[in-house]
Amino acid sequence: FAFAIFLGQGPNLFISIVKTYEQLLAIRALTGVAVGGALPLVFSMTGDLFPGHRRSHASALVGVCMSFGVGLGQGIAGYVGSAYGWRTPFVVVAVPGVIVGFLFLATVKEPRRGLMDGNSYSSEDLVGTGASAAGVGGNSTSSSQNNKADGAWEQIKSGAQSSWISLKWVLAVPTNKFALLQGIPGCIPWSVINSFMNDYLATNKGLGVPHATSIMLGFSLGGFLGMVFGGVLGQKAYNESPRMFCNSMAIMVVLGGLPWLYLVSTNDYGESFLNMSIHVSIAGIAGILCTYTGVNVRAMVIHVNPPDQRGAAFSLFNLTDDLGRGFGPAIVAQLVGLFGRENAFMLSFISWGLCAVLLYCTGSTLGKDAEDVRTGAVLHTRGNGSSHHHVIGSTTNESRQSRTDEEENRGLLSPHQSRSSSRNSTGRRE
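Calculation notes
By convention here, each chain's residues receive numbers from 1 onward along its written sequence. Local features are withheld for residues below a pLDDT of 70 in this predicted model, meaning they are given only at 70 or higher, and side-chain atom pairs are given and counted only at 80 or more; totals for whole chains, interfaces and linings count all residues. Only hydrogens and water are set aside; all other atoms, that is, all heavy atoms of the structure, feed into the side-chain values. For this analysis, a nonpolar core means a set of buried residues of the types Ala, Val, Leu, Ile, Met, Phe, Trp, Tyr and Cys, connected via side-chain atoms within 4.5 Å. The rule is simple: take the accessible area with a 1.4 Å probe, protein chains only, and divide by the maximum for that residue type; under 20% is buried, over 50% is exposed, in between is partly exposed. Residue contacts are counted whenever heavy atoms from the two residues lie within 4.5 Å of one another. Patches draw on residues past 30% relative accessible area with no salt bridge. Two like charges within 9 Å are joined, as are two nonpolar side chains (Val, Leu, Ile, Met, Phe, Trp, Tyr) within 5 Å. The Shrake-Rupley method, run with a 1.4 Å probe sphere, supplies the accessible areas, and residue values consider only the shown protein chains as cover. Only one rule defines a salt bridge in this text: a Lys or Arg side-chain nitrogen within 4 Å of an Asp or Glu carboxyl oxygen. Secondary structure is summarised from DSSP: a helix means a run of H or I of at least four residues, a strand means a run of E of at least two, and numbering begins at the N terminus for each. Each axis is a line fitted through C-alpha atoms, and for a helix only the stretch in contact is used; angles between axes span 0 to 180 degrees, taken between their N-to-C directions. Angle categories: roughly parallel below 35 degrees, roughly antiparallel above 145, roughly perpendicular from 65 to 115, and oblique for all the rest. Crossings are sorted by hand: turned counterclockwise from the far helix by less than a right angle, the near helix makes the crossing left-handed, and turned clockwise it makes it right-handed. Put simply, Ala, Val, Leu, Ile, Met, Phe, Trp, Tyr, Cys and Pro go in the nonpolar bin, Asp, Glu, Lys and Arg in the charged bin, and everything else, Gly too, in the polar bin. Any two of the Phe, Tyr and Trp rings considered here, Trp counted by its six-membered ring, make a pair once their centres fall within 6.5 Å; the pair's planes then place it as stacked at under 30 degrees, edge-to-face at over 60, or tilted in between. By this rule the span expected of a helix is its residue count minus one, scaled by 1.5 Å. Fitting one axis to the seven residues ending at a residue and another to the seven starting there, the bend at that residue is the angle between the two axes. Summary of the metric used: pLDDT quantifies the predictor's per-residue confidence within the range 0 to 100.

As a further point, take the nonpolar core. One finds Met197, Leu201, Phe245, Trp260, Phe345, Phe349 and Trp352 to be the most contacted residues of the largest nonpolar core, which totals 58 residues. Residue contacts for Trp352: discarding those within four places in its chain leaves Gly186, Pro189, Trp190, Ile193, Val253, Gly256, Gly257, Trp260 and Cys290.

Here it is as structure tokens:
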């Protein structure tokens, strides 16, 4: 993670002296690579630092910090850039970023992987399983000593094979499939909000840029609050039951689209303070409702993937999000060409209903998938026959109950989980 920070922020220090477009492009490309690598690591570490009954809180905190950082960066770009030139904001942002990287290296200890899942399996279990599945053994090391070129090629192949294996493991988890699928229709309404809505309100609804911006600002402020309260309420729902957690996300997705359907279809806009206050408040309510699901979906992905799989899972989720940001506006533009702006936007927000159906379906898989991670039974599904599986599966009922008592004492189990009966290595009640 520290390497990603240095890779992303360090080159920005040199933007003050770049001379050509190619140099600027290379520096910005490095920043893009770093951001793409850092986000999966952030949420992977979140899973290693927080137990299950606190992960929605942690996911919400990460989301709030990211949103605050985006807003702060836009402010620095606007004020500092206009006063001191376009190069200066890059340096102003890069300096504290590099300092944070060094502080991270000096103060943060590597979390023990799997500890917050109940310590059902150790880091050695996870590494051994991955190495066995990828077919990495001593022969490749021996060959690398004999021939450096062959050794480098073997490392590339092993890395690619390991990544492919990790991807298959991610897709083998039913909850991951539902979570990925719901993101496809989910990107369409967000494309309307981020790419089209400001201009639509300013021109089609006759509000003008300042009033349209005020409504969108209300949505942004509501989204900020929604992440905070979404993490709290989502965590309470998950601690009560995975089914309630999934139902709450499905309900919030549907409710989040209703204010936007009104804002798109109504012509009751005016320039009076009362009228604008009403519409800004409606947009704020939309922001509160719309951000609930995103915060808790990330927590859900942490719950159902073991520590060595979370980085790959979030890499895949971030990739689909980026593709959604790219293709979403194009899909909306096609709908606009077919049905006109208002009808196209209405159809776009209705697509959140499909998200709700898929999120409801995760209620039938989340409980077992999360329990398989907590007990270590998820390793059996990888089917590589490694000895680590047998070590995990041979845990006796007495030692499992003792570990459960220890987890409760350390605060790793929620009150709901601590009241449940012990489970065997396959996640079934004994």
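Okay, a nonpolar patch on the surface next. On the surface, Phe68, Leu72, Phe224, Leu225, Val228, Phe229, Val232, Leu233 and Ile288 cluster together into a nonpolar patch covering about 780 Å² of accessible area. Of all elements in the fold, only α3 (55–84) and α9 (208–240) reach the threshold of two or more residues within the nonpolar patch. For the nonpolar patch, the element with the most residues is α9, which contributes 6 residues. For Ile288, the location among the structural elements is in helix α11 (residues 273–304).

All right, on to the packing of helix α10 (residues 242–265) against α11 then. Across the interface, α10 lies against α11 with an axial gap of 8 Å and an inter-helix angle of 150°. On the basis of their axis angle, the class for α10 and α11 is roughly antiparallel. Crossing hand, α10 versus α11: left-handed. Along its contact with α10, which presents Phe245, Ser248, Met249, Met252, Val253, Leu255, Gly256, Pro259, Trp260, Tyr262 and Leu263, the element α11 presents His279, Ile282, Ala283, Ala286, Leu289, Cys290, Tyr292, Thr293, Asn296, Val297 and Met300. Among the residues making up the contact of α10 with α11, the classes are represented as 17 nonpolar, 5 polar and no charged.

This part is about the packing of aromatic side chains. What characterises a pair of aromatic rings is the spacing of the ring centres plus the angle enclosed by the ring planes. In total, this model carries 11 aromatic pairs according to the counting rule given. Between Phe6 and Phe102 the ring centres are 4.9 Å apart and the planes differ by 50°, which places this aromatic pair in the tilted class. Here Phe102 lies in helix α4 (residues 88–107) and Phe6 lies in helix α1 (residues 2–9), a separation of 96 residues in the sequence. Taking relative accessible area as the criterion, Phe6 reaches 25% and is therefore assigned partly exposed. Taking the centre distance of 5.3 Å and the plane angle of 80° together, the rings of Tyr238 and Phe245 count as edge-to-face. Exposure remark for Phe245: the relative accessible area of 0% places this residue in the buried category. By the ring-pair criterion, three or more aromatic residues cluster together here, those being Trp190, Phe219, Trp260, Phe349 and Trp352.

This paragraph deals with helix α8 (residues 174–204). For α8, which comprises 31 residues, the first-to-last C-alpha distance of 43 Å matches the rise-based estimate of 45 Å (1.5 Å per residue) to within 8%. In the structure, α8 departs most strongly from a straight axis at Phe196, where the bend amounts to approximately 65°. Downstream of α8 by a residue or two, Gly206 has a phi angle that is positive, lying close to 70°.

Further remarks concern the confidence of the model for the protein chain. Of all residues in the protein chain, 77% attain a pLDDT of 70 or more, and the chain-wide mean is 78. Ranking the elements of the protein chain by mean pLDDT puts helix α16 (residues 387–393) last, at 37, and α10 first, at 95. Below a pLDDT of 50 lies the segment residues 384–430, which in the model reaches 81 contacts outside its immediate sequence neighbourhood of four places, other chains included.

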